Amino acid sequence: MAKKEYVPLFETRKVKGRILFRCVAASIFLGICFIIMYRIRYFPVGGKAERWTWIGLFLSELWFSFYWLLTTVCRWNAVIRIPFIHRLSQRFGKELPGIDIFVCTADPLIEPPSLVVNTVLSMMAYDYPPEKLSVYLSDDGGSNLTFYAMLEAANFSKTWLPFCKKFQVESTSPEAYFRTASELVNVQEWLSVKKLYEDMKMRIETTIKLNQIPEYIQKQHKGFREWDFVLSKHDHQSILQILIDGRGTNAADIEGNPLPTLVYLAREKRPQYHHHFKAGSMNALIRVSSKITNAPIILNVDCDMYSNNSKTIKSSLCIFMDEEKGDEIGYVQFPQCFFNLTKNEIYGSSLRVMLQLEVLGFDANGGPSYMGSGCFHRRETLCGKKYEKNYKVDWKKINDKKVNESASFLEETCKVLASCTFEHNTPWGKEMGLKYGTPVEDVVTGMSIQCNGWKSIYLNPEREGFLGVAPITLLQNLVQHKRWVEGVLQLFFSRYCPLLYGHRKIPLKLQLIYSTHHLWAANCLATWYIVVVPCLCLLKGISLFPKV
Ligand SMILES: O=c1ccn([C@@H]2O[C@H](COP(=O)(O)OP(=O)(O)O[C@H]3O[C@H](CO)[C@@H](O)[C@H](O)[C@H]3O)[C@@H](O)[C@H]2O)c(=O)[nH]1
Ligand SMILES: [Mn+2]
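Residues numbered from 1 in each chain as written. Chains lettered and ligands numbered in written order. Predicted model: local features only at pLDDT ≥ 70, side-chain atom pairs only at ≥ 80, totals over all residues. Heavy atoms only, no water.

Under an unreviewed UniProt entry, the protein chain has the name Cellulose synthase-like protein E6 and belongs to Gossypium arboreum.

*Asks:* How should I be thinking about the sheet that holds strand 7 (residues 297-302) in this particular structure?
*Replies:* Think of a sheet as strands paired side by side through backbone hydrogen bonds, with each pair either parallel or antiparallel. Read across the sheet, eight strands follow the order 5-6-4-3-7-11-9-12 without closing on themselves; strand pairing throughout is mixed. Because the sheet does not close on itself, it has two edges, and the strands there are strand 5 (239-244) and strand 12 (455-458). Neighbouring strand axes in the sheet, compared pairwise and without regard to direction, differ in orientation by 20° on average. Bridge count between strand 9 (residues 329-333) and strand 11 (residues 375-378): three bridges; the pairing is antiparallel. Pairing of Q333 across the sheet is with C375, part of strand 11. Helix-sheet contacts for helix 5 (residues 144-167) involve strand 3 (99-105), strand 4 (133-139), strand 5 and strand 6 (261-266), and the interaxial angle to strand 5 is about 15°. Sheet strands touched by helix 10 (residues 312-320): strand 3, strand 4, strand 7, strand 9, strand 11 and strand 12. Its angle to strand 9, the strand with the most contacts, is close to 150°. (Pairing = 2+ DSSP bridges. Helix = DSSP H or I, 4+ residues; strand = E, 2+ residues; numbered from the N terminus. Axes fitted to C-alpha atoms, helices over the stretch in contact; angles between N-to-C directions. Contact = heavy atoms within 4.5 Å.)

*Asks:* Hey, could you run me through the site of ligand 1 in this one?
*Replies:* Close contacts around ligand 1 come from 22 residues, with D140, K278, D302, E441 and D442 the closest. In this structure, D140 approaches ligand 1 through a side-chain N or O atom, which is 2.6 Å from a nitrogen atom. Considered on its own, ligand 1 offers 680 Å² of accessible surface; in the complex 85% of this is hidden by protein. At the level of secondary structure, the elements contributing two or more residues to the shell around ligand 1 comprise strand 3, helix 9 (277-292), helix 14 (441-451) and helix 15 (474-492). (Near = heavy atom within 4 Å. Polar contact = N/O pair within 3.5 Å; in protein donor to acceptor, adjacent residues only side chain to side chain. Areas by Shrake-Rupley, 256 points an atom, 1.4 Å probe, with all protein chains shown as cover.)

*Asks:* How should the sheet that holds strand 13 (residues 466-468) be read in this particular structure?
*Replies:* Within the open sheet, the three strands sit side by side as 8-13-10. Their pairing is mixed. Looking at the sheet topology across the chains shown, the edges are occupied by strand 8 (305-307) and strand 10 (337-338). In the sheet, strand 8 pairs with strand 13 via three bridges, with the strands oriented antiparallel. From the neighbouring strand, Y306 faces strand 13, where its bridge partner is L467. Its contacts with the sheet place helix 4 (residues 113-124) against strand 8 and strand 13, and it is angled at close to 30° to strand 8.

*Asks:* What should I look at first to understand the nonpolar core in this one?
*Replies:* General note: in soluble globular proteins, nonpolar side chains tend to be found buried as a group. Core analysis: the biggest nonpolar cluster contains 130 residues, and W160 and L317 have the highest contact counts within it. W160 has contacts with L121, A125, V169, S171, T172, S173, P174, Y177, F178 and V193, leaving out every residue within four places of it along the chain. Listed in part, the seven residues of the second largest apolar core include Y38, L57, V533 and L544. (Core = buried A, V, L, I, M, F, W, Y, C linked by side-chain atoms within 4.5 Å. Buried < 20%, exposed > 50% of the residue type's maximum accessible area, 1.4 Å probe, protein only.)

*Asks:* Would you explain helix 15 in this entry?
*Replies:* Count 3.6 residues to each turn of an α-helix, and residues three or four apart come out pointing the same way. Between its first and last C-alpha atoms helix 15 spans 27 Å; for 19 residues at 1.5 Å apiece the expected length is 27 Å, and the two agree. For helix 15, the full list of buried residues reads N477, V485, G487, V488, L491 and F492. The arc that holds the buried residues of helix 15, viewed along the axis, is 155°, so those residues lie on one side. Opposite its buried face, helix 15 presents the exposed residues L475 and V479, each directed more than 90 degrees away. Turning to helix 15, the residues buried within the fold contact helix 14, helix 16 (498-501) and helix 17 (508-518). (Expected span 1.5 Å × (residues − 1). Arc of directions from axis to C-beta.)

*Asks:* How should the pattern of salt bridges be read in this particular structure?
*Replies:* Oppositely charged side chains can pair when the atoms bearing their charge come close. For the coordinates displayed, the defined rule picks out 29 salt bridges. With a closest N to O distance of 2.7 Å, R379 and D100 form a salt bridge. One end of the pair, R379, is in helix 12 (residues 379-382); the other, D100, is in strand 3, with 279 residues separating them in the sequence. Among the residues examined, D100 registers a relative accessible area of 0% and is labelled buried. (Salt bridge = Lys/Arg side-chain N within 4 Å of Asp/Glu carboxyl O.)

*Asks:* Would you take a moment to explain the packing of helix 2 (residues 48-75) against helix 18 (residues 523-540) for this structure?
*Replies:* A pair of packed helices is captured by two measures, namely the crossing angle of their axes and the spacing between those axes. Contact geometry of helix 2 with helix 18 gives a least axis separation of 9 Å together with a crossing angle of 145°. As for how helix 2 packs across helix 18, the hand of that crossing is left-handed. Every residue of helix 18 that contacts helix 2 at W52, T53, G56, L57, S60, W63, F64 and Y67 is listed here: N523, A526, T527, Y529, I530, V533, P534 and C537. (Left-handed = near helix turned anticlockwise from the far one by under 90°.)

*Asks:* Looking at this model, I keep getting lost on the environment of L474. Mind explaining?
*Replies:* Here L474 shows up in helix 15. Overall, the relative accessible area of 41% leaves L474 in the partly exposed class. Along the chain, L474 and Y347 lie 127 residues apart, while their C-alpha atoms are 7.1 Å from each other.

*Asks:* Looking at this structure, I do not really get the confidence of the model for the protein chain. What am I missing?
*Replies:* For residues with low pLDDT, the predicted coordinates do not support detailed interpretation. In the predicted model, the protein chain carries a mean pLDDT of 94, and 98% of its residues have values of at least 70. We note a pTM of 0.95 for the whole complex and an ipTM of 0.98 for its interfaces. (pLDDT = per-residue confidence, 0-100.)

*Asks:* In this structure, what is going on with a nonpolar patch on the surface? I would like to understand it.
*Replies:* Judged by side-chain polarity, W528, I530, V531, V532, L536 and L539 come together as a nonpolar surface patch covering roughly 620 Å² of accessible area. Inspection of the secondary structure puts L536 in helix 18. Given the relative accessible area of 47%, L536 is considered partly exposed. (Patch = residues over 30% accessible without salt bridge, like charges linked within 9 Å, V, L, I, M, F, W, Y side chains within 5 Å.)

*Asks:* Help me understand unusual backbone geometry, please; the structure alone is not making it clear to me.
*Replies:* In most cases, non-glycine residues show a negative phi, while peptide bonds are predominantly trans. The omega angle of the peptide bond from E170 to S171 is -10°, so this bond is cis rather than trans. Mapped onto the elements, S171 comes out in the loop between helix 5 and helix 6 (174-180). Not every positive phi belongs to a glycine, and H276 is a case in point at roughly 60°. What makes H276 partly exposed here is its relative accessible area of 25%.

*Asks:* Just checking my understanding: could you explain the packing of aromatic side chains for this structure?
*Replies:* To describe a pair of aromatic rings, you give the distance between the ring centres and the angle between the ring planes. Counted by the stated rule, this structure contains 30 aromatic pairs. Aromatic pair Y496 and Y501: ring centres 4.9 Å apart, planes at 70°, arrangement edge-to-face. Classification of Y496 by relative accessible area gives buried; the value is 12%. Owing to a relative accessible area of 16%, Y501 belongs among the buried residues under this scheme. Chaining the aromatic ring pairs together yields one cluster made of F156, W160, F163, F167, Y177, F178, W190 and Y197. Geometry around W54 places R39 over its ring, the cationic atom sitting 4.6 Å from the centre. One cation-aromatic arrangement involves R287 over W428; the distance from NZ or CZ to the ring centre is 4.8 Å. (Phe/Tyr/Trp six-rings, centres within 6.5 Å; stacked < 30°, edge-to-face > 60°. Lys NZ or Arg CZ within 6 Å of the ring centre and 35° of its normal.)

Structure (structure tokens):
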């Protein structure tokens, strides 16, 4: 019998325009050689000031040449990936793995609960079997307002999910959908769902304004009683509530279809214990979810990034489940795209060069870095597992293990996993989970997964997978960029320097690509020099450039 022919679930294509890019690069290289020759040949023999400015300029130019070389190496063999979703459905039908989605929020004032609700609803409405989907919200703000908003979301999902399914709604975030949707299929139904949404939004916003939850609502859910023991945002016990238990018979939408599981978690916070920001909350979620649903694939999003494409889970599975190349993939990263960009984008908030060019080079040489949001991980990679050659996943078996405990039992027993002391003397934050001690936990965690032998893949479908809020004012941009560049520069001088930590673990080219990013801030020295010194020289009559 002939061996069944292998049909890939995704394809890798070279980026168009490679030859042109290489020609341009070659001409720039030639130009750089001429500059270097000129600096050496015409080294001034005269005054001291002249000589030192000349040396300074030469060093700046050498730095830029080096940096250019690094970025060119990175962009040299850029690739893109194309998933074939229809093949996935044909081959696996309903036998798809479970997906745990982690949404992180930290502050109900900066990240309003109505925004979080939209993100959560958009995730619940993925085009994916709901019984295999679970959404976990980590609330580092420990706020009963966010908890209340989640209850509202759980309730509204009963109408929203069947509506999305029936009319193939895109995007599945109600706010975004009702803001942009113009075509109507069924006006009556559209209007009634819109009204339900707006009523919910108004209730949530009024509660936020009042800053307290009415008594009669508090009586509706036992979860509110937890806040009797909350001293402050920084001082409270773990709160874990399974708002929708996907296994339960009463988890059904208005049409009787199953609903995804929805879990609210506010991990324990005590002033004397460090909480490690987002990394800490992700690690608590990894542990808690392992007891409740334990899906083999984890999707992580920031609470300000809603799903804009209901096929995203399926496209990422095309990568993980490809029989030949899928088993070595540790994570699949989607770009962070934004819906609130200003017309001229004067601060470059869309990160275009990074997300549409450089990351394609990353992908060709071992894989993109983990960017914190819009990333699908194999659960094992987050738990520190090393890739072993010939590692194979049996997707049909992977979901066999069922959790039988009741929701209230799980709520009680899993709390300890989110306590402040749980991680003491364990590898969490070091060899397991997201790494602690850096403002860019995603970059280090991604690189360490790659150092454990896994590859990663970048997917950038035509319809953006996720849309979020970009910083648009100068101040917001400065704050965010300062945090990023400082964070990665610190990494370069730490034990996580890609050239040391990645030595013999990831390809040299990938080490260099990481280094380009880490050294981005270092460009400022050469930039300052080139901007300031030649102007001063002009005043002093010192000549630094060839006469034309
Ligand atoms: O103590 C905290 C602090 C933050 N967050 C959440 O972490 C996410 C990212 O934080 P934010 O302040 O919005 O940082 P950004 O600079 O916008 O985030 C980018 O950069 C971070 C560091 O590289 C990554 O963690 C993010 O995923 C990535 O989107 C948000 O959802 C927060 O709610 C927490 O859960 N707990
Ligand atoms: Mn953010």
